[in-house]
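Chain by chain, the residues:
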Amino acid sequence: MEKQSNLLGLHQLLTLEVSNSNKLIDLLGFVSFTDNLLVENQLEKVGNTSFVFENGSFTIAYCLKESHICIHTWPEINTLTMDVYLCNYSQDNSNKVRSIAKDFIAYFEANIVKQIEVER
């Protein structure tokens, strides 16, 4: 197969500042929001795994047929880091990556500290 310049997809890396730290310790709320977001965007979840720390912060990774979404929260400093990566094998998912990132920013009512977009 000939390599297409955008075939490997788009990857967004985000660092967000969150004023309401309660969302940074609400794993179940995040999972519910994300599962709905995946359905809305017609993305296929292969599975997810998570870990909740003693202070309630969490880390979670979603493995998707199209690639992955990962998040790590730090309520003690009102911060989270996230990456959203979708490949473009079956279709161009670049706009979905951008839309999903915006939806997560809105969900957390967050300010962007750093946002990097990488075309793979």
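The preceding data block contains the structure.
Residues numbered from 1 in each chain as written. Predicted model: local features only at pLDDT ≥ 70, side-chain atom pairs only at ≥ 80, totals over all residues. Heavy atoms only, no water.

Caption draft 1: Structural view of the pairing of strand β2 (residues 45-52). Bridging between β2 and strand β3 (residues 58-64) involves seven bridges; their strand directions are antiparallel. If you follow F51 over to β3, its bridge partner there is T59. Counted between consecutive antiparallel strands, the loop separating β2 from β3 contains five residues, among which G56 sits at a positive phi close to 95°. (Pairing = 2+ DSSP bridges. Helix = DSSP H or I, 4+ residues; strand = E, 2+ residues; numbered from the N terminus.)

Caption draft 2: Examining the packing of helix α1 (residues 27-40) against helix α2 (residues 94-107) more closely. It is the contact of α1 with α2, at a shortest axis distance of 12 Å, that shows an interaxial angle of 150°. As summarised for this structure, α1 and α2 are arranged roughly antiparallel, according to the angle between their axes. Crossing geometry of α1 relative to α2 is assigned as right-handed. Packed against α1, whose contacting residues are G29, F30, F33, T34 and L37, the element α2 presents I100, D103, F104 and Y107 at the interface. Considered class by class, the residues forming the contact of α1 with α2 number six nonpolar, two polar and one charged. (Axes fitted to C-alpha atoms, helices over the stretch in contact; angles between N-to-C directions. Parallel < 35°, antiparallel > 145°, perpendicular 65-115°, else oblique. Left-handed = near helix turned anticlockwise from the far one by under 90°. Contact = heavy atoms within 4.5 Å. Nonpolar A, V, L, I, M, F, W, Y, C, P; charged D, E, K, R; others polar.)

Caption draft 3: Region of the structure containing the sheet that holds β2. Overall, antiparallel pairing links the six strands, which are arranged β2-β3-β4-β5-β1-β6 in an open sheet. This sheet does not close on itself; its edge strands, each paired only once, are β2 and β6 (110-119). Taking the axes of each pair of neighbouring strands and ignoring which way they run, one obtains an average angle of 10° across the sheet. Packing against the sheet, α1 makes contact with β2, β3, β4 (67-74) and β5 (79-86), and its axis sits at approximately 20° to β3. Contacting β1 (10-18), β4, β5 and β6, α2 crosses the sheet at an angle of about 10° to β1.

Caption draft 4: Molecular detail of the nonpolar core. Counting residues in hydrophobic clusters, the biggest one holds 28 residues, and the most contacted among them are F30, M82 and F108. Of all elements in the fold, only β1, α1, β3, β4, β5 and α2 reach the threshold of two or more residues within this core. Top contributing element to this core by residue count: α2, with six residues. Discounting residues that sit within four places of it in the chain, F30 has contacts with F58, I60, Y62, I71, M82, F104, Y107 and F108. (Core = buried A, V, L, I, M, F, W, Y, C linked by side-chain atoms within 4.5 Å. Buried < 20%, exposed > 50% of the residue type's maximum accessible area, 1.4 Å probe, protein only.)

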